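Fold and geometry: a report
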Amino acid sequence: MFKRFFAGVFACLICAVLFINTIFCAAQLFPLAIIKFIIPFKWWHKIMTIILVRVANNWVFVNSMFIHYCFPIKWNVSGLEKLKKDDWYLVISNHQSWVDIIIAQKILYGRIPYMKFFLKKELIWVPIMGPAWWALDFPFMKRYTKEEIEKNPKLKGKDIEITRKACEKFKTSPVAIMTFPEGTRFTKEKHDRQKSPYRYLLKPKAGGVSFTISSMGDHLHKLLNLTIVYPEGPKSLWDFLCRRVRAVDVFVETIDIPENFISADIEDPKFKKTFTEWLNEIWSKKDRLIAKYTEIKK
């Protein structure tokens, strides 16, 4: 009982420290974001973005240092040797917990460009975070449903066009975009409902990954495939903050994206089939890797 109590107190203290770090970072971001907004020159935006990303990187650095020194985690990480800070990456990973994002940021910090995520266009209006995402050049996307396209055929391909324009700024500045192909966190219930052919994974959604590759244009040539394994099983964010995660295995694989994928029509049935098979093969290897290291620990 006392052990759980003190673990909870520690988690609250860590939350307070991380919150203070976030507020400190935001206090620097917002004035810079306003300055960036009021001066509408591309060269100025580029300079301000570099400064803003450095502020955001400092936020990740402080968080990572707290994890490194305050959490008794045994790390087993491989595949980081050939990563470059001046290259473009699409980062994908299996998804079991919100802790996955913290883990990914920690192990990739300083090795690849600052990681960004594709966000729904509506999220730009989220208080505090929306302006920060805009200032950091997170790409906002607009996806149209099949029903909307059927009602207005002119919308076909419009989402790709909008997102490509949002990504034009990345042509001169290296970037890493992260996405979870499963689309949601793994649970046994979701696994059974999907009738997933994998033991430890949900089915990957090829559409989202191909959309990202197509949107990024011919600058995106490398796929960074992260496989995250929690030997004692995935934990919640609260469990992580209570220091109940004792070990983490992370395997990083760099995969060249086939050239024909970059300029392909993502609505073409032949491309969909080829791309789905390519992604499913990656997922099959990932599932076998998770099984291997999960069984070793048992």
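This text goes with the structure placed above it.
Rules behind the numbers
Residues numbered from 1 in each chain as written. Predicted model: local features only at pLDDT ≥ 70, side-chain atom pairs only at ≥ 80, totals over all residues. Heavy atoms only, no water. Phe/Tyr/Trp six-rings, centres within 6.5 Å; stacked < 30°, edge-to-face > 60°. Helix = DSSP H or I, 4+ residues; strand = E, 2+ residues; numbered from the N terminus. Buried < 20%, exposed > 50% of the residue type's maximum accessible area, 1.4 Å probe, protein only. Lys NZ or Arg CZ within 6 Å of the ring centre and 35° of its normal. Pairing = 2+ DSSP bridges. Contact = heavy atoms within 4.5 Å. Axes fitted to C-alpha atoms, helices over the stretch in contact; angles between N-to-C directions. Patch = residues over 30% accessible without salt bridge, like charges linked within 9 Å, V, L, I, M, F, W, Y side chains within 5 Å. Areas by Shrake-Rupley, 256 points an atom, 1.4 Å probe, with all protein chains shown as cover. Salt bridge = Lys/Arg side-chain N within 4 Å of Asp/Glu carboxyl O.

Attention now moves to the packing of aromatic side chains. One pass over the full model with this rule turns up 13 aromatic pairs. An angle of 80° between the planes, with centres 5.2 Å apart, marks the rings of Phe261 and Trp278 as edge-to-face. Of this pair, Phe261 sits in helix α10 (residues 259-262) while Trp278 is found in helix α11 (residues 269-297), placing the two residues 17 residues apart along the sequence. A relative accessible area of 18% places Trp278 in the buried class. One aromatic cluster is present, formed by Phe261, Phe271, Phe275 and Trp278 through successive ring pairs. Over the ring of Trp75 we find Lys106, and its NZ or CZ is 4.7 Å from the ring centre.

Before going further, it helps to spend a moment on the sheet that holds strand β8 (residues 247-256). An order of β1-β8-β7-β2-β6-β3 is seen for the six strands of this open sheet, with the pairing classed as mixed. Two strands bound the open sheet, and with one partner strand each, they are β1 (74-78) and β3 (115-116). Both strand β2 (residues 89-93) and strand β7 (residues 222-229) contribute to a ladder of five bridges, which runs parallel. Counted as the bridge partner of Ile92 is Asn225 from β7. Strands in contact with helix α3 (residues 99-108) are β1, β2, β3, β6 (176-179), β7 and β8; relative to β7, the strand with the most contacts, it is inclined by about 120°.

Together, Phe41, Trp43, Ile47 and Ile51 make up a nonpolar patch on the protein surface, roughly 410 Å² of accessible area in all. By secondary structure assignment, the location of Ile51 is in helix α2 (residues 42-70).

With that settled, consider the pattern of salt bridges. Here the structure, examined in full by the defined rule, presents five salt bridges. A salt bridge links Lys222 to Asp87, with the nearest nitrogen and oxygen atoms 3.3 Å apart. You can see Lys222 sitting in strand β7 and its partner Asp87 sitting in the loop between β1 and β2, a full 135 residues away along the chain. Owing to a relative accessible area of 16%, Asp87 belongs among the buried residues under this scheme. For Glu277, the salt bridge identified is with Lys273, shortest N-O distance 2.7 Å. With Glu277 and Lys273 both in helix α11 and four residues apart, the pair spans about one turn of that helix. Under the relative-accessibility criterion, Lys273 is labelled exposed at 52%.

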